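A structural walkthrough
Each chain, written out:
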Amino acid sequence: MRGRPIGRRTLFALVTAGAGALVLPGVARAEDVRSIELGGAPTAVTVNPVTGLAYVTDPEAGTVTVIDARTATVGAVISVGGAPGDVAIDAKANRIYVSNPPAGTVVVLDGRTHDLVSVIGAGAGASALAVDDQANRVYAVSGSTGMLAVLDGVSCTLAALVPGPKPSLGGVAVDAGRKLAYCASTGTDSLEVFSIDSGKFVASVKVGARPTAVAVHAASGSVYVANSGIHHMSIVDAATRTERKTVLLRSESSALAVHQGTNTVYTNGGQNGLSRIDGASGTLTGELSLGVNPGDVAVDERTRTVFVTDPLHGRVSLIRDF
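Its UniProt record gives the chain a comment under Cofactor (unreviewed entry), which states: "Cu cation".

Okay, structure coming up:
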């Protein structure tokens, strides 16, 4: 299925016609927005920075759809069963990990053939995923039990199941270089810091209301937190383990992704679309209206193409040059 490109004139009308979009001085608009109709309820998305393939889960259909960003086409639809939640990539090992919260499992797929490699028990309600590609480990958190599952990517086994200090964990990100994992606690409005070396939670940072998603900028160690209960995104300093800044957004943010090369953060906290934030300064640098509040956000590290899911309308948008 080939995506439908939106021309510059159409895009200008989309951005400016009563959508409340913000275009700051000196900030270019997106040159190319393509919509790929998938049907169903595409939810989570991630991108392999090596192959450029994107993977999108659909919990209603029990599938993972593969999208080729270069051609904006669907390459394959993989049946994984259950109700797939999050999806994560180990680009070095070329493996795809898909959570199945109702079953408490994580499905492992071969990134080359898309064949099933294994199914790993990760504890009840295991949902959000993050990969440590340096250690070949996968981390899964549970919103229902507050547990952090540590999975061995080599043996495809559960290495540890660690009780979180808070009752519910809604998102997770890994800083492989500093050997830390960050878990968002939706019930206590905090970011819980897990030491990979000690295998223990070592700190708690107060953030905004109902944090649900986390991303790390590897070079600086800055941690970005999407707060779904308030109109701002938190920026946490890794060294001091404090919230150093909040970025005011037009709506609640539930998903975000950071482009590592430029330290640019993309989040669904815009008005019916995306917000773009300079991670270093913590300033809002642009907004793009898509006519809907996105479900999940991912960015291709090579091309800076942003992927946005739209569960309500069954489609995925590919946004270039934003």
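Things to note about the environment of Thr-105
Within the element layout of this structure, Thr-105 appears in strand β9 (residues 105–110). The buried category is assigned to Thr-105, whose relative accessible area is 16%. Separated by 54 residues in sequence, Thr-105 and Ala-159 place their C-alpha atoms 14 Å apart. In this view, Thr-105 contacts Val-98, Ser-99, Asn-100, Val-119, Ile-120, Gly-121 and Ala-122; residues no more than four positions away in its chain are not counted.

With respect to the pattern of salt bridges
Counted by the stated rule, this structure contains seven salt bridges. Of the charged contacts in the structure, one is a salt bridge between Asp-32 and Arg-34, with a shortest N-O distance of 3.2 Å. In this structure Arg-34 comes out as partly exposed when scored by relative accessible area, which is 23%. Residue Lys-179 is joined to Asp-197 by a salt bridge in which the shortest nitrogen-to-oxygen separation is 3.7 Å. Of this pair, Lys-179 sits in the loop between β15 (171–175) and β16 (180–185) while Asp-197 sits in the loop between β17 (190–195) and β18 (200–206), and the two are 18 residues apart along the sequence. Judged by its relative accessible area of 41%, Lys-179 is partly exposed.

Here we look at the pairing of β9
Regular strands place side chains that alternate from one sheet face to the opposite one. Most of β9 sits out of view: five of its six residues are buried. Two strands pair when backbone bridges link them, and strand β8 (residues 95–100) and β9 are joined in this way by six bridges, in the antiparallel orientation. Within the sheet, the bridge partner assigned to Asn-100 lies in β9 and is Thr-105. Hairpin connection of β8 to β9: four residues between the antiparallel strands, including Gly-104 at a positive phi of 70°. Note that β9 and strand β10 (residues 116–121) share five bridges and pair antiparallel. Paired with Leu-109 across the two strands is Leu-116, which belongs to β10. A loop of five residues connects β9 with β10, the two strands running antiparallel in sequence, and His-114 in this loop sits at a positive phi of about 65°.

Side note on the sheet that holds strand β13 (residues 147–152)
Spatially, the four strands line up as an open sheet ordered β11-β12-β13-β14, and their pairing is antiparallel. Looking at the sheet topology across the chains shown, the edges are occupied by β11 (126–132) and β14 (157–163). Recorded for the sheet is a direction-independent mean angle of 25° between the axes of neighbouring strands. Relative to β13, strand β12 (residues 137–142) is paired through five bridges, and the arrangement is antiparallel. The residue bridging Val-141 from the neighbouring strand is Leu-148, located in β13.

Notes on the confidence of the model for the chain
Considering every residue of the chain, the mean pLDDT works out to 89; 90% of them sit at 70 or more. Confidence over residues 1–28 falls short of pLDDT 50; this stretch has 51 contacts with residues more than four positions distant or in other chains.

A few points about the pairing of strand β20 (residues 223–227)
The element β20 is extensively covered by neighbouring structure, given that five of its five residues are classed as buried. Here β20 shows two buried faces, one formed by Val-223, Val-225 and Asn-227 and the other by Tyr-224 and Ala-226. The sheet contact formed by strand β19 (residues 211–216) and β20 spans five bridges and is antiparallel. Following the sheet pairing, Ala-213 is matched in β20 by Ala-226. Connecting β19 to the next strand, β20, in antiparallel fashion are six residues, including Gly-221 with a positive phi near 80°. Here β20 pairs with strand β21 (residues 232–237) via four bridges, running antiparallel. Each residue of the ladder has a partner; that of Val-225, found in β21, is Ser-234. Hairpin connection, β20 to β21: the antiparallel pair is bridged by four residues.

Cut-offs and rules
- Residues numbered from 1 in each chain as written.
- Predicted model: local features only at pLDDT ≥ 70, side-chain atom pairs only at ≥ 80, totals over all residues.
- Heavy atoms only, no water.
- UniProt positions renumbered as here; feature names shortened; annotations may be inferred.
- Helix = DSSP H or I, 4+ residues; strand = E, 2+ residues; numbered from the N terminus.
- Buried < 20%, exposed > 50% of the residue type's maximum accessible area, 1.4 Å probe, protein only.
- Contact = heavy atoms within 4.5 Å.
- Salt bridge = Lys/Arg side-chain N within 4 Å of Asp/Glu carboxyl O.
- Pairing = 2+ DSSP bridges.
- Axes fitted to C-alpha atoms, helices over the stretch in contact; angles between N-to-C directions.
- pLDDT = per-residue confidence, 0-100.

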